[in-house]
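Tertiary structure, described
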Amino acid sequence: MTIFRLKIQRFSQNCLFELSWGTGQQLSATLNYPESIATLYQEWQRIYLSFYKLALRGRVEASGSIAPPPIDWHARLIQAEARLLSEFHHWLRSAELFEIRAEIANSRLPGVSESGIVGSQHLNVNVFLTCHPIEIERLPWESWEIGADFPTLGEIRIVRTPVNVRSETNINQQHKRGKKVRILAILGDDTGLNFQGDRVAVRSLYRIAEIKFVGWQPGLDIVELKANICQALADERGWDILFFAGHSNETVMTGGELAIAPDACISISEIKAQLLLAKDRGLKFALFNSCCGLSIANSLIDLGLSQVAVMREPIHNQVAQVFLARFLQGLAQHKDVQDSLIAACQYLRLEKSLTYPSACLVPSLFCHPGAVFFQIKPYGFREFIKPLLPTRIEAIALLALTFVSLSLSVQDWLLEKRVLAQAIYRDLTGQLPTVAMPKVLLVAIDDKSIREAKISNPKPMNRKYLASLIDKLSASSARVVGIDYLLDRPHEGSDRILSKSIQTAVQKQPDPTWFVFASVRDDTEGWLKVLPEIASPNWSFQGHINMVHWYMRLVPEENSSSAKMPLAYMLALAYHLNIESRSQPPLAVNQKSATGSQDLSQLPSPKLDSKTELFSEAIAYLNREKGLNYKTLFSPSSQLQPITSLSYDWGQMWLQPIIDFSIPPEYIYQHIPAWKLLESKVNFPNLQHLKQQVVLIAPGGYSEAGVIRDGEDNFKIPAAVSYWFNQRRHNQRRYFTGGEAHAYMIHHFLNKRLVVPIPDLWIMALAILLGKGAAIVLARRQQAVWLLLIVTATYGLISLQFYITFALLFPWFLPAVTLAIYALPILVKLNQKKFVKDLRFSGYSLLKDSK
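Described in the following lines is the structure provided in the data block. (Residues numbered from 1 in each chain as written. Predicted model: local features only at pLDDT ≥ 70, side-chain atom pairs only at ≥ 80, totals over all residues. Heavy atoms only, no water.)

**Some points on the overall build of the chain**
Where we set the bar: Helical segments are the DSSP runs of H or I of at least four residues, strand segments are the runs of E of at least two, and each set is numbered from the N terminus. Buried means the residue's accessible area, taken with a 1.4 Å probe over protein chains only, is under 20% of the maximum for its type, while exposed means over 50%, and partly exposed covers the values in between. Should any heavy atoms of two residues lie within 4.5 Å, those residues are considered in contact. Calculation of accessible area relied on Shrake-Rupley with a 1.4 Å probe; when residues are assessed, cover is drawn exclusively from the protein chains displayed.
On a plain count of helices and strands, the chain comes out with 25 helices and 25 strands. The buried share among the 851 residues of the chain stands at 52%. Put simply, 75% of the contacts in the chain that link residues at least 6 apart link residues at least 24 apart. A total of about 39400 Å² of accessible surface is found on the chain, and carbon and sulfur atoms cover 55% of it.

Written out as structure tokens, the structure is:
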């Protein structure tokens, strides 16, 4: 940040200009001071006073109206102002000042520095101006267009500072956000004046400020009035703003005087002690909306006050009130005092120049060197969160990203790629399951099985062929068999054969076979179930085979029949009851089941003569003997959660577990074609573990597979599964079947591992907070970009491991894009800054050459 200090002193007929900045850099120039400027100033001042004394109301006359002036003072004042400014600016464009003007103007190149004190705009430069003697100080230095001859950006603003500054100020003292400012308004002698406009203007800040008025009232003793003013200034709670309205004047020895009552004044020196107390207790800014305030401003800054705004010339009552209203409007909009004063002066110049000519030249801002421009910070909760709100570009980008994140097709695509990354991570880190044998045997009826069985039309699948598979499995002691075929329509002759094979397997002792049959929910016909002629729910399970693209099917919230339960879940339940529970050691005599062992006689078992549903018996057993809820038997996530159910109404799948294809298929299931099963012997290697496996008979990829339409059961191979196939040289695979998806789901239930994906939108919200926070704290710093990059990369690695360790899928891509929305603008600004530094160097060289 570059701060320029320009000191101008007149010695006889010459003026010395001394510019200093940075760490000891300085320039100086001496040029002749033309007497014409002093003459033109005096002429302008005379006409100015004549216009505002006669043309408008200054002090109220006793009665009657003002007679029209014999001279057109309005026109003469405009002419006098033009002559004064023309001569003044011509003098300031002298060749002797070229280097000084060039150095100041060159600092305005974009992105190079924010010259001036805190609160100035990005391309604005503040020049702290000190003038001596007071005749030079009275000139309208704020109108000096220092950079007019240089094609650069931004504004160069004049900020005045006294010759003598002997006291320190609280440089970093600023109004605290979330706290109302405190304003002390002193209303002085109102003889010939009307303070109603001042009161209204100050009270307009009531929402953001605590305001106290002190002043003369008829009948109030002058001594008591001075005591009231001193007491108010020294208030222990302190003040942020001091305001005075009334008559004032310059004095040499007492620092200026304020008219506080008719024929009564108080000097700055009289209240010096109280002003010092007020400064120490937080007084940051003073505004004297009164006449001739140069000595007042100089004395207050000398005392250590941060900023003072005054009128250098006598000011008309109406002009003072218009200026005050506009100035306070800027403060209410949370502009700093410099921007507010400039805006008020521009309003007088552009909007009120016909009514109040030359009034814009009168206000001046004095500032302690290096102090922070006072600004009323936003007040209230809404303003507290305002910095966190997105910019227009950020809002558009985030809104578009939100819509993208809510698209199921986009979610499916991102999910597939994310699971692929997880499969690669598993492979590279060697974090694969350690199982000796998969718990699922998949018997696939493929094209070769159909050809060898001489089945002309596999839709529906030949019931005799299914019976032969069941016979083979029963002979091999299979204990849990699932059939991924819908058996809802009768087929004379073959139904009886299939039913006989099933019942034979159920009756087999000592290891009866548990069967789970497929059901389907149809939009027109309701639930389609296995025919009662084939199997009864009193000695078998049913489970639906409806699929949601690579998401787990969950247990419904409400109690329902087995037909409404997922097929994979019912097969896992049958495994738990008929294999897992029976493999535990039996109870000792008089031993209670609460120890964890089982009384095998109490286990439910399919019986052809049963009068109650097998599923009901299983539920009752789990609740009675084990105190378990069948819905959460394998995992709390296996039950449909309320938030997931609610998200269905919004077209979302929030927190619904996914099928974890990051695990290689050979760890999930053993695969055997149906034709090979029928040809194999009992001691065939693939059949040695049938007693400890779930067997699923399912379509094996033939083109007619499907409940409603052909090929419905054949899916595109998921990216992660394709990765494993390529690693295992199984490149000939064309489809991924529904039976394989069910096998994955069975595995997840049995291993109590359901991977829950965290919604993209949730993590994006956290990314928004992180990105915005980094952008605010580290704005325009390269550290912000590196921080966001490191956070993104670290989060990605952690999320990969969390997936394996905790079965939680944290999205990466869309949150990373969200962070990029905040990182890219910072990168752009950094690149612009580098470009502008080069531009500054070349621009400075050109200025040197042109000289």
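**Some points on the environment of Tyr669**
The topology assignment puts Tyr669 in strand 20 (residues 669–673). Along the chain, Tyr669 and Glu740 lie 71 residues apart, while their C-alpha atoms are 8.1 Å from each other. Once residues lying within four places of it in the same chain are set aside, the contact partners of Tyr669 are Pro438, Val440, Leu442, Glu740, Ala743 and Tyr744.

**Notes on helix 13 (residues 408–429)**
Selection criterion: Working rule for helices: expected span equals 1.5 Å times residues minus one.
Compared with the 32 Å implied by 1.5 Å per residue over 22 residues, the 31 Å span of helix 13 between its first and last C-alpha is a close match. Within helix 13 the residues assigned to the buried category are Gln411, Leu414, Leu415, Arg418, Val419, Gln422, Ala423, Tyr425 and Arg426. Remark: Gly430 follows helix 13 within two positions and exhibits a positive phi of approximately 65°.

**What to know about the pattern of salt bridges**
Condition: Salt bridges are identified by distance alone: a Lys or Arg side-chain nitrogen within 4 Å of an Asp or Glu carboxyl oxygen.
The tally for this structure, following the rule as stated, stands at 19 salt bridges. When the shortest N-O distance is used, the salt bridge between Arg157 and Glu155 registers 3.4 Å. Close ionic contact of Arg237 with Asp235 constitutes a salt bridge, the shortest N to O distance being 3.7 Å. On the basis of relative accessible area, Arg237 is assigned to the exposed category, the value being 59%. Exposure remark for Asp235: the relative accessible area of 16% places this residue in the buried category. Connected through salt bridges with shared partners, the residues Glu142, Arg160 and Arg312 form a single ionic network.

**Here we look at the side chain of Ser499**
With respect to the secondary-structure elements, Ser499 resides in helix 16 (residues 494–507). Beyond its immediate stretch of four places on either side in the chain, Ser499 contacts Glu533 and Ile534.

**A look at unusual backbone geometry**
With an omega dihedral of 5°, the bond running from His132 to Pro133 counts as a cis peptide bond. Mapping Pro133 onto the fold places it in the loop between strand 4 (125–132) and helix 4 (134–137). Each neighbour pair has its own omega, and for Gln509 with Pro510 the value is 5°, a cis peptide bond. By the secondary structure assignment, Pro510 is in the loop between helix 16 and strand 17 (514–522). One non-glycine residue, Ser12, adopts positive backbone phi at about 60°. Residue placement: Ser12 occurs in the loop between strand 1 (4–11) and strand 2 (14–21). On the basis of relative accessibility, which here comes to 59%, the residue Ser12 falls in the exposed class.

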